[in-house]
Amino acid sequence: MSNYTIIQNGFVIDPEKNGIDQREIGIIESKLADSKDVLEQGTAINYIDAEGAYIAPGFIDLHVHVFKDATTLGIEADLVGIQQGVTTIVDAGSSGCANYQLLKETVIQQSDTEVLAFLNIAKDGLGAGLSELADPTNLMSVEEATEIFAREPQIVGLKARMSGSVVKEQGIAPLKHARFVADALHKPIMVHIGNPPPYLNEVFPLLGKGDIVTHAFHGKKHGILNEQGYLLAEAAEALQRGVLFDVGHGTSSFSYQTLQKFKENYTEPFSISTDIYLNNYDNPVGSLMLTMSKLLALGFTLEEVVRAVTIRAAKAIGLTEQGTLQNGTQADLTIFKLHDERTDLVDSEGVVLTVNRVLQPKITVRNGRVVFRQ
Ligand SMILES: [Zn+2]
């Protein structure tokens, strides 16, 4: 059946424009369209009332874990996807080249949410425990990477976790290998930072334009900021080269204080993601919208937090059909409300922020169809 839809009465946030305006959004089949064209061409037009709500491109979460069948931490993709107003999620390294096929069959092909993947540089991803880079024989070769990236369009980059507990005696070596593979593929690396070793003065120099540093604002020792609240020289240089910082909230990787200090001294944009999985879904992460609400409470504007989960996230992984409201692109939309309610929101350090408003999902549209309604 043909699909001619007009969404009315909403406040539109176009991440490629400034400000918020009240206008109609049209959809023809699975693509965004001018509402005038919908009226001219449509026979039976389907109207969606977005009264009192905001309309934005479908939100993109660059860091989730949804590989239920091979990892104990995997969470249901649609639960953290379309049901939370997130149309595209990127599984960040739960799978590697040895078990990606299972992720594809059990999650990617089974979900209404668009599921993409950063492939772990370790062959089994997180499927064989959480010290995946401690054994150098578990690293994916350039040949294996080239073969799987050529075959699987849902794989958008590499993932390498740089924490002492992950790399053990290997130190910086697995990231050097990831750099080598990424250069051969011309794909970004998402690098997780945490407790050293390796230290950030070894990690950042290996990263180039387009690479993503997730957990950028963690509150652990040896983070991106010195005690005065300024970036380490290597981190500042990486930002200058075009390395993207990403929130990656997670159980223990997002600190209000770190982000506040960063905000006082820097205006460089970053992306917002959750690192959501089974054990942090209830607490402290909640959802992408709750994570965005935390940043709103820290003084970022609504347009800015929307940009951080739409156009900026899309560009980071080379998507041109998502994250935008341009006519002719994939009609993925997030319709949400800003709900006035005093709510306590906690970061990964246990710090509570009492906020006055939170984002709430209302309607999720994917490929032109309503897939969720609150
Ligand atoms: Zn993660």
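Residues numbered from 1 in each chain as written. Predicted model: local features only at pLDDT ≥ 70, side-chain atom pairs only at ≥ 80, totals over all residues. Heavy atoms only, no water.

As named in an unreviewed UniProt entry, the protein is Amidohydrolase/deacetylase family metallohydrolase, taken from Metasolibacillus meyeri.

(A) Spatial organisation of the pattern of salt bridges. Summed over all chains, the structure comprises 15 salt bridges. Among the salt bridges present, the one from lysine 123 reaches glutamate 144, with a minimum N-O distance of 3.6 Å. Residue lysine 123 is located in the loop between β10 (114–120) and α4 (142–151), and its partner glutamate 144 is located in helix α4; the two are separated by 21 residues in the primary sequence. Across the salt bridge formed by arginine 312 and glutamate 304, the nearest N and O atoms sit 3.2 Å from each other. For the pair formed by arginine 312 and glutamate 304, the shared burial category is buried. Each of Asp14, Lys17, Asp21 and Arg23 takes part in one network of salt bridges that share partners. (Salt bridge = Lys/Arg side-chain N within 4 Å of Asp/Glu carboxyl O. Helix = DSSP H or I, 4+ residues; strand = E, 2+ residues; numbered from the N terminus. Buried < 20%, exposed > 50% of the residue type's maximum accessible area, 1.4 Å probe, protein only.)

(B) Geometry of the domain arrangement of the protein. Split into domains, the protein comes out as domain 1 (4–55 + 328–373) and domain 2 (58–316). Listed as interface residues are 33 residues of domain 1 and, on the opposing side, 37 residues of domain 2. Here domain 1 and domain 2 share an interface that buries about 2700 Å² over both sides, 66% of which is from carbon and sulfur atoms. Summed over the shared surface of domain 1 and domain 2, the result is 0 salt bridges. Where domain 1 packs against domain 2, one counts 15 residue pairs in polar contact (both at pLDDT 80 or more). Counting residues per element, the ones that place at least two in the side of domain 1 that touches domain 2 are β15 (333–346), β16 (352–366) and β17 (369–373). A total of 11 residues in the side of domain 1 that touches domain 2 trace back to one element, the largest contributor, which is β16. (Domains from an automatic or database assignment. Contact = heavy atoms within 4.5 Å. Buried area = accessible area lost by both parts, 1.4 Å probe. Polar contact = N/O pair within 3.5 Å; in protein donor to acceptor, adjacent residues only side chain to side chain.)

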